[in-house]
Amino acid sequence: MGDAVYEVLVRTRVMNRGSMQVNKMHKKSASLVKAEAQARIIQALQEELTEEEIGAFANVLGERAQQEGCEAAFRLARDKLREYPNSDLLAYTAAQILDGALVLWKRGENDPEREQAWKGEILALYRRCADSGDRRVRERAERMLISQYMAQGELEQAEEQLARLPQEDRERPMLEAMLRRKQKRSEEAWPILERELFRQASDLQSTLMALMDLALEAGDKTCARQYSETAEQAGR
């Protein structure tokens, strides 16, 4: 980046952050203009892919996998992750697309060595994302890791990962029940699933009652009665 243009951009950013004495503003700007500061800022900018941009890349990645196969898709994902090495959401999204592409690839190919290598790459991405500072990315990755470990028969790792998942996570009961079945502890899965069933039934009933109230406000008694009857059945 041209130094003169860069310095103007930096001074503008510093001024936009609020009031600051002129001497302090000059020192602050000068420190940012240094080469090492430029490198840090460029790296920070590389984190700033928007969700829309990541979504667009996911579409491109999926199309590449369909049209050119897994090898091309993994190569494209690696290139993009090198370009944006600090974007955990990008890493998680790429892992999901590649995971799905690998499932489709397995239907027509038989190359266990390559498959294992690709699985390792996907697992590494999920592991990285499970340590993300972004809670949304972290919890999604933790769920995927639990599923991945169970699929591979690595039940101890799945148990350790489950322990990291917050108790209030809405997908935790199903994952825990699945893990207990894998561990030949089905007697523990029963009450977990029963509690989850009651919770979902209660949520459904509450939603139906809210819809009934809206229907009554709109003067639609027929619709309100239908919601009421359905809510009553859900509560049985």
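Thresholds applied
- Residues numbered from 1 in each chain as written.
- Predicted model: local features only at pLDDT ≥ 70, side-chain atom pairs only at ≥ 80, totals over all residues.
- Heavy atoms only, no water.
- Helix = DSSP H or I, 4+ residues; strand = E, 2+ residues; numbered from the N terminus.
- Buried < 20%, exposed > 50% of the residue type's maximum accessible area, 1.4 Å probe, protein only.
- Contact = heavy atoms within 4.5 Å.
- Areas by Shrake-Rupley, 256 points an atom, 1.4 Å probe, with all protein chains shown as cover.
- pLDDT = per-residue confidence, 0-100.
- Expected span 1.5 Å × (residues − 1).
- Arc of directions from axis to C-beta.
- Phe/Tyr/Trp six-rings, centres within 6.5 Å; stacked < 30°, edge-to-face > 60°.
- Core = buried A, V, L, I, M, F, W, Y, C linked by side-chain atoms within 4.5 Å.
- Salt bridge = Lys/Arg side-chain N within 4 Å of Asp/Glu carboxyl O.
- Axes fitted to C-alpha atoms, helices over the stretch in contact; angles between N-to-C directions.
- Parallel < 35°, antiparallel > 145°, perpendicular 65-115°, else oblique.
- Left-handed = near helix turned anticlockwise from the far one by under 90°.
- Nonpolar A, V, L, I, M, F, W, Y, C, P; charged D, E, K, R; others polar.

**Re the overall build of the chain**
Reasoning step 1: A tally of regular secondary structure across the chain gives 12 helices and 0 strands.
Reasoning step 2: Reading the chain from its N end, one meets helices and strands in the order α-α-α-α-α-α-α-α-α-α-α-α.
Reasoning step 3: Across the 236 residues in the chain, those meeting the buried criterion constitute 33%.
Reasoning step 4: Considering only intrachain contacts with a sequence separation of at least 6, the fraction spanning at least 24 residues in the chain is 50%.
Reasoning step 5: In the structure as shown, the chain presents an accessible area of about 15,200 Å², 51% of it carried by carbon and sulfur atoms.

**Some words on the side chain of Gln-148**
Reasoning step 1: By the element assignment, Gln-148 lies in helix H8 (residues 135–151).
Reasoning step 2: On the accessibility criterion, Gln-148 (13% relative accessible area) is buried.
Reasoning step 3: Among all residues touching Gln-148, those that are not within four sequence positions of it are Asp-99, Leu-123 and Tyr-126.

**A word on the confidence of the model for the chain**
Reasoning step 1: The pLDDT averaged across the chain works out to 84; a share of 78% of its residues lies at or above 70.
Reasoning step 2: Note that residues 39–46 has pLDDT below 50 and, in this model, 6 contacts with residues that lie over four places away or in other chains.

**Some remarks on helix H7 (residues 112–129)**
Reasoning step 1: End to end, H7 covers 26 Å across 18 residues, agreeing with the expected 26 Å (1.5 Å per residue, within 8%).
Reasoning step 2: Of the residues making up H7, those classed as buried are Glu-115, Trp-118, Ile-122, Leu-123, Leu-125, Tyr-126 and Cys-129. Around the axis of H7, the buried residues are gathered within 155° of arc, so they sit on the same side. Across H7 from its buried face, at more than 90 degrees, point the exposed residues Glu-113 and Gln-116.

**Brief notes about helix H10 (residues 172–182)**
Reasoning step 1: All of the buried residues in H10 are Arg-172, Pro-173, Leu-175, Glu-176, Ala-177, Leu-179 and Arg-180.
Reasoning step 2: Of the surrounding elements, those touching the buried residues of H10 are H8, helix H9 (155–164) and helix H11 (186–217).
Reasoning step 3: Phi turns positive one or two residues past the end of H10, at Lys-184, with a value near 65°.

**As for the packing of aromatic side chains**
Reasoning step 1: Following the criterion strictly, the structure yields 2 aromatic pairs and no others.
Reasoning step 2: Ring geometry for Phe-74 and Trp-118: centres 5.2 Å apart, planes at 15°, overall stacked. Here Trp-118 lies in helix H7 and Phe-74 lies in helix H5 (residues 70–83), a separation of 44 residues in the sequence.

**Concerning the nonpolar core**
The nonpolar side chains of a soluble globular protein tend to be buried with one another.
Reasoning step 1: Formed by 40 residues in total, the largest nonpolar core has its most connected members in Leu-61, Cys-70, Leu-90, Leu-98 and Ile-122.
Reasoning step 2: A per-element tally of this core places helix H6 (residues 88–106) first, with 10 residues.
Reasoning step 3: Once you skip the residues sitting within four places of it in the chain, Ile-122 turns out to touch Phe-74, Ala-95, Leu-98, Asp-99 and Leu-102.

**What to know about the pattern of salt bridges**
Two side chains that carry opposite charge are able to pair once their charged atoms sit near each other.
Reasoning step 1: Counted according to the given criterion, the structure contains 20 salt bridges.
Reasoning step 2: Among the ionic pairs, Glu-51 bridges to Arg-136, the shortest N-O distance being 2.7 Å. Of this pair, Glu-51 sits in helix H4 (residues 51–68) while Arg-136 sits in helix H8, and the two are 85 residues apart along the sequence.
Reasoning step 3: A residue is classified by how much of its surface remains accessible, and Arg-136, at 36% relative accessible area, is partly exposed.
Reasoning step 4: Notably, a salt bridge pairs Glu-176 with Arg-180, separated by 3.5 Å at the nearest N-O pair. A residue pair is termed a helical-turn pair when its members lie 3 or 4 positions apart in one helix, as Glu-176 and Arg-180 do in helix H10 at 4 residues.
Reasoning step 5: The exposure class assigned to Glu-176 is buried, which follows from its relative accessible area of 19%.
Reasoning step 6: If you follow the salt bridges from partner to partner, you end up with Glu-159, Arg-172, Glu-176, Arg-180, Arg-185 and Glu-188 in one network.

**Some thoughts on the packing of H10 against H11**
In a pair of packed helices, the angle between the axes and the distance between the axes together describe the arrangement.
Reasoning step 1: Contact pair H10 / H11: the axes reach a minimum separation of 8 Å and the direction vectors enclose 165°. Looking at the two axes, H10 sits roughly antiparallel to H11. By crossing handedness, the relation of H10 to H11 is classed as left-handed. Contacts between H10 and H11 involve Pro-173, Met-174, Glu-176, Ala-177, Arg-180 and Arg-181 from the former and Ser-186, Glu-188, Ala-189, Ile-192, Leu-193 and Glu-196 from the latter.
Reasoning step 2: For the contact of H10 with H11, the residue count by class is 6 nonpolar, 1 polar and 5 charged.

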